[in-house]
Amino acid sequence: MKPLPDPASSQHPSEDEAAVLSEVDFELQIKQTQSALRGYIISISGQSSDVDDILQETNLFLWENRQVYKAGTNFKAWSFKIAYFKAMTNQRSRTRRGEVV
């Protein structure tokens, strides 16, 4: 039976050492995800008038938090989760203002 690798070995980078995408590569990830992200926001928001605002807020959050994203992980899943929370925040705001949601 083959022994398990030592988790402390240098073969696997720690979370602090994990690769971070360059700004150019990160921008490319955002651009490649826009169409799918827009479709997802439309499907969960139900308000076509808010889609552009939610998309812009999502993109801004992604960009401002680009150092948090680890290269090699699922960018689309991460961006969709951010969009979900932005859409829910938008929906709560509309409800508080008394708008029909």
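Going by the structure above, here's the rest.
Being a predicted model, the structure only gives us computed values, none of them experimental. (Residues numbered from 1 in each chain as written. Predicted model: local features only at pLDDT ≥ 70, side-chain atom pairs only at ≥ 80, totals over all residues. Heavy atoms only, no water.)

## So, the pattern of salt bridges
Side chains bearing opposite charge may pair, as long as their charged atoms lie close to each other. One pass over the structure, following the stated rule, counts four salt bridges. Between K31 and E27 there is a salt bridge, and its shortest N-O distance comes to 3.3 Å. Residue K31 and its partner E27 are both found in helix α1 (residues 23-45); the two are separated by four residues, about one turn of the helix. The partner of R94 in a salt bridge is D50, and the shortest N-O contact between them spans 2.9 Å. Placement of the pair is R94 in helix α3 (residues 75-96) and D50 in the loop between α1 and α2 (51-64), with a sequence separation of 44 residues. For D50, a relative accessible area of 9% puts it in the buried group. (Salt bridge = Lys/Arg side-chain N within 4 Å of Asp/Glu carboxyl O. Helix = DSSP H or I, 4+ residues; strand = E, 2+ residues; numbered from the N terminus. Buried < 20%, exposed > 50% of the residue type's maximum accessible area, 1.4 Å probe, protein only.)

## Some points on the packing of α1 against α3
In the contact formed by α1 and α3, the axes pass within 9 Å of each other and the chain directions differ by 45 degrees. With respect to α3, the axis of α1 lies oblique. Remark: the crossing between α1 and α3 carries right-handed chirality. Listed contacts from α3 to F26, Q29, I30, T33, A36, L37, Y40, I41 and I44 of α1 are F75, K76, W78, S79, F80, A83, Y84, A87 and M88. Of the residues contributing to the contact of α1 with α3, the split by class is 14 nonpolar, three polar and one charged. (Axes fitted to C-alpha atoms, helices over the stretch in contact; angles between N-to-C directions. Parallel < 35°, antiparallel > 145°, perpendicular 65-115°, else oblique. Left-handed = near helix turned anticlockwise from the far one by under 90°. Contact = heavy atoms within 4.5 Å. Nonpolar A, V, L, I, M, F, W, Y, C, P; charged D, E, K, R; others polar.)

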